[in-house]
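# Structure assessment
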Amino acid sequence: ELHRRLERSRGFLHDNDGRSVSLAEMADIAGLSQFHLARYFKLAFGQAPIAYHRGLRLSRAADFLAAGAGSLAEAAELTGYSDSVALSHAFRKHFGQPPQQWAMGKRN
């Protein structure tokens, strides 16, 4: 039963990679307290729920940029970041380089 609840919350994150999701929303979906969701999610999937979701959003932005599908501002809008500066900061922290540099390396 616990595994099913955790998978439901993880699926919710995948279905909502275009916006920010709160731990409270996830806990409601899973039918668990926020404390228990955070604890068991990390044990099951190796990351805290919010970090897992951030990775999904940044991967979606990276794929979008590497494909040359649009601008950084459009990638930010697509993935629920407030603006291109917020996305750029999160991207650099996650991937170790700015989005433009990363995307150019992937296209070459």
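Everything quoted here is computed from the prediction, not taken from an experiment.

## Considerations on the packing of aromatic side chains
Under the criterion given, the structure shown has 4 aromatic pairs. Ring centres of Phe 45 and Tyr 52 lie 6.3 Å apart, and the angle between their planes is 45°; on these two criteria the pair is classed as tilted. On the basis of relative accessibility, which here comes to 14%, the residue Tyr 52 falls in the buried class. Aromatic rings pair up to connect Phe 41, Phe 45 and Tyr 52 into one cluster.

## Some details on the environment of Ser 22
Positionally, Ser 22 belongs in the loop between helix H1 (2–15) and helix H2 (23–30). For Ser 22, a relative accessible area of 33% puts it in the partly exposed group. Expressed as a C-alpha distance, the spacing of Ser 22 and Ala 103, which sit 81 residues apart in the sequence, is 29 Å.

## Some words on the pattern of salt bridges
Inspection of the entire model under this criterion finds 5 salt bridges. Between Arg 19 and Glu 25 there is a salt bridge, with the nearest N and O atoms lying 2.8 Å from each other. Looking at Arg 19, the relative accessible area reads 31%, which means it is partly exposed. Shared partners join several salt bridges into a network, and the residues in it are Glu 1, Arg 4 and Arg 5.

## Structural notes on the nonpolar core
If you look at the biggest cluster of nonpolar residues, it comprises 14 residues, and the most contacted ones within it are Leu 58, Leu 65, Ala 75, Tyr 81, Leu 87, Phe 91 and Trp 102. Mapped onto this core, the elements with two or more residues apiece are helix H4 (49–66), helix H5 (72–78), helix H6 (84–95) and helix H7 (99–107). Sorting elements by how many residues they give to this core places H4 first, with 5 residues. Membership of the second largest hydrophobic core comes to 13 residues, among which are Leu 13, Val 21, Leu 32 and Phe 45.

## Quick word on the packing of H1 against H2
Two elements in contact, H1 and H2, have axes whose closest approach is 8 Å; the angle formed by their N-to-C orientations is 135°. The orientation of H1 relative to H2 falls into the category oblique. Considering how the two elements wind past one another, H1 and H2 form a crossing that is right-handed. Contacts between H1 and H2 involve Arg 5, Arg 8, Ser 9, Phe 12 and Leu 13 on the former and, on the latter, Glu 25, Met 26, Ile 29 and Ala 30. By residue class, the composition of the contact of H1 with H2 is 5 nonpolar, 1 polar and 3 charged.

## Description of the side chain of Arg 57
Residue position: Arg 57 is located in helix H4. Salt bridges are absent for the buried Arg 57, whose nearest opposite-charge side chain, Asp 17, sits at 7.8 Å. A polar side-chain atom of Arg 57 sits 2.9 Å from the main-chain carbonyl oxygen of Gly 80. Arg 57 has contacts with Asp 17, Arg 19, Ser 20, Thr 79, Gly 80 and Tyr 81, leaving out every residue within four places of it along the chain.

Analysis parameters
- Residues numbered from 1 in each chain as written.
- Predicted model: local features only at pLDDT ≥ 70, side-chain atom pairs only at ≥ 80, totals over all residues.
- Heavy atoms only, no water.
- Phe/Tyr/Trp six-rings, centres within 6.5 Å; stacked < 30°, edge-to-face > 60°.
- Buried < 20%, exposed > 50% of the residue type's maximum accessible area, 1.4 Å probe, protein only.
- Helix = DSSP H or I, 4+ residues; strand = E, 2+ residues; numbered from the N terminus.
- Salt bridge = Lys/Arg side-chain N within 4 Å of Asp/Glu carboxyl O.
- Core = buried A, V, L, I, M, F, W, Y, C linked by side-chain atoms within 4.5 Å.
- Axes fitted to C-alpha atoms, helices over the stretch in contact; angles between N-to-C directions.
- Parallel < 35°, antiparallel > 145°, perpendicular 65-115°, else oblique.
- Left-handed = near helix turned anticlockwise from the far one by under 90°.
- Contact = heavy atoms within 4.5 Å.
- Nonpolar A, V, L, I, M, F, W, Y, C, P; charged D, E, K, R; others polar.
- Lys, Arg positive; Asp, Glu negative; His and termini not counted.
- Polar contact = N/O pair within 3.5 Å; in protein donor to acceptor, adjacent residues only side chain to side chain.

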